[in-house]
Amino acid sequence: GNYFHGLAIFMVVQLFEYSILFKIVGHPNWLLLGVLACVTTVIPYFGGIFTNIIAVVTASVISTPLFISTLLITLIFPNIDGYLISPHIYGKTNNVNPVLVIIIGGVFSSFFGIIGMAIALPAYIIIRCTWKFFNEDIIDKIQDVKGNKD
């Protein structure tokens, strides 16, 4: 549940962030691009690329200054999102250190590729919760056994 709560928060951040950025540079499809950035957030890495390609292509046929400013947005802000905002949001909502979120994503993507990127954080949270549950259960049982012997 916390993972989906974090995802929802991140989607709203993406909606406002990209809508405002594209509005500032004067992109005529700023709201559509903001909504696309929001919706495609559920597709790790490639969702943002899809939105950025659409933004750059549409800007390239309008004007050179718009193309350059849109290109700068699409090169800079996905990195800020991926390395700062996303780990911070998921770290807060799931009680996971933001640096650990980045490491987990890197490890899972190394072993499992694109699918690993998508399942990294949910898999870690499931493993962590399962470990905590059984670890606490085992400790409680050991203490009960020790308590019965006394």
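1. Quick look at the overall build of the protein chain
Thinking step 1. The number of helices and strands found in the protein chain is 5 helices and 0 strands.
Thinking step 2. Order of helices (α) and strands (β) in the protein chain, N terminus to C terminus: α-α-α-α-α.
Thinking step 3. Its C-alpha atoms give the protein chain a radius of gyration of 21 Å, more than 25% over the compact-globule value 15 Å for 150 residues.
Thinking step 4. Summarising its shape, the C-alpha atoms of the protein chain cover approximately 80 × 30 × 20 Å along the three principal directions.
Thinking step 5. The buried share of the protein chain, taken over its 150 residues, is 32%.
Thinking step 6. The contacts in the protein chain between residues at least 6 apart in sequence include a share of 57% that link residues at least 24 apart.

2. Here's the deal with the packing of helix 3 (residues 46-60) against helix 4 (residues 64-94)
Thinking step 1. Interhelical geometry of helix 3 versus helix 4 gives an angle of 165° and a closest axis separation of 8 Å. In terms of axis orientation, helix 3 runs roughly antiparallel to helix 4. Regarding helix 3 and helix 4, the two cross each other, and that crossing is left-handed. Here Asn52, Ala55, Val56, Ala59 and Ser60 of helix 3 come into contact with helix 4, specifically with Leu66, Phe67, Thr70, Leu71, Thr74 and Pro78.
Thinking step 2. Split by residue class, the contact of helix 3 with helix 4 holds 7 nonpolar, 4 polar and no charged.

3. Comments concerning the side chain of Asn52
Thinking step 1. Within the element layout of this structure, Asn52 appears in helix 3.
Thinking step 2. Discounting chain neighbours no more than four positions away, the residues touching Asn52 are Thr74 and Pro78.

4. Some remarks on the packing of aromatic side chains
Thinking step 1. If you walk through the whole model with that rule in mind, you get 3 aromatic pairs.
Thinking step 2. For the pair Phe111 and Phe112, a centre-to-centre distance of 6.4 Å together with 55° between the ring planes defines the contact as tilted.
Thinking step 3. Taken together, the ring pairs connect Phe108, Phe111 and Phe112 into an aromatic cluster.

5. Let's talk about the confidence of the model for the protein chain
Thinking step 1. Looking at the protein chain as a whole, its pLDDT mean stands at 84, while 96% of the residues score no less than 70.
Thinking step 2. The element-level mean pLDDT for the protein chain is lowest in helix 5 (residues 98-149), coming to 79, with helix 2 (residues 30-39) highest at 90.

6. Overview of helix 4
Thinking step 1. Its 31 residues place the ends of helix 4 43 Å apart at the C-alpha level, agreeing with the 45 Å of an ideal helix rising 1.5 Å per residue.
Thinking step 2. Remark: the principal bend of helix 4, roughly 40°, maps to Asp81.
Thinking step 3. Positioned one or two residues after helix 4, Asn95 has a phi angle of 55°, which is positive.

7. Concerning a negative patch on the surface
Thinking step 1. Taken together, Glu136, Asp137, Asp140 and Asp144 make up a surface patch of like negative charges.
Thinking step 2. Overall, Asp137 belongs to the partly exposed group, its relative accessible area being 30%.

8. Some details on the side chain of Thr74
Thinking step 1. With respect to the helices and strands, Thr74 occurs in helix 4.
Thinking step 2. Discounting residues that sit within four places of it in the chain, Thr74 has contacts with Phe22, Asn52, Ala55 and Val56.

9. With respect to the nonpolar core
Where a protein is soluble and globular, its nonpolar side chains tend to be buried together.
Thinking step 1. Tyr3, Leu7, Phe10, Met11, Cys38, Ile89, Tyr90, Val96, Val101, Leu121 and Ile125 form the largest nonpolar core, which has 11 residues in total.
Thinking step 2. For this core, the secondary structure elements donating two or more residues are helix 1 (2-25), helix 4 and helix 5.
Thinking step 3. Here this core takes 4 residues from helix 1, the largest share from any one element.
Thinking step 4. Those residues in contact with Leu121, other than ones at most four positions away along the chain, are Tyr3, Tyr90, Asn94, Val101 and Ile104.

Calculation notes
- Residues numbered from 1 in each chain as written.
- Predicted model: local features only at pLDDT ≥ 70, side-chain atom pairs only at ≥ 80, totals over all residues.
- Heavy atoms only, no water.
- Helix = DSSP H or I, 4+ residues; strand = E, 2+ residues; numbered from the N terminus.
- Rg over C-alpha atoms; globule rule 2.2 N^0.38 Å.
- Buried < 20%, exposed > 50% of the residue type's maximum accessible area, 1.4 Å probe, protein only.
- Contact = heavy atoms within 4.5 Å.
- Axes fitted to C-alpha atoms, helices over the stretch in contact; angles between N-to-C directions.
- Parallel < 35°, antiparallel > 145°, perpendicular 65-115°, else oblique.
- Left-handed = near helix turned anticlockwise from the far one by under 90°.
- Nonpolar A, V, L, I, M, F, W, Y, C, P; charged D, E, K, R; others polar.
- Phe/Tyr/Trp six-rings, centres within 6.5 Å; stacked < 30°, edge-to-face > 60°.
- pLDDT = per-residue confidence, 0-100.
- Expected span 1.5 Å × (residues − 1).
- Bend = angle between axes of the 7 residues up to and from the residue.
- Patch = residues over 30% accessible without salt bridge, like charges linked within 9 Å, V, L, I, M, F, W, Y side chains within 5 Å.
- Areas by Shrake-Rupley, 256 points an atom, 1.4 Å probe, with all protein chains shown as cover.
- Salt bridge = Lys/Arg side-chain N within 4 Å of Asp/Glu carboxyl O.
- Lys, Arg positive; Asp, Glu negative; His and termini not counted.
- Charge placed at Lys NZ, Arg CZ, Asp CG, Glu CD.
- Core = buried A, V, L, I, M, F, W, Y, C linked by side-chain atoms within 4.5 Å.

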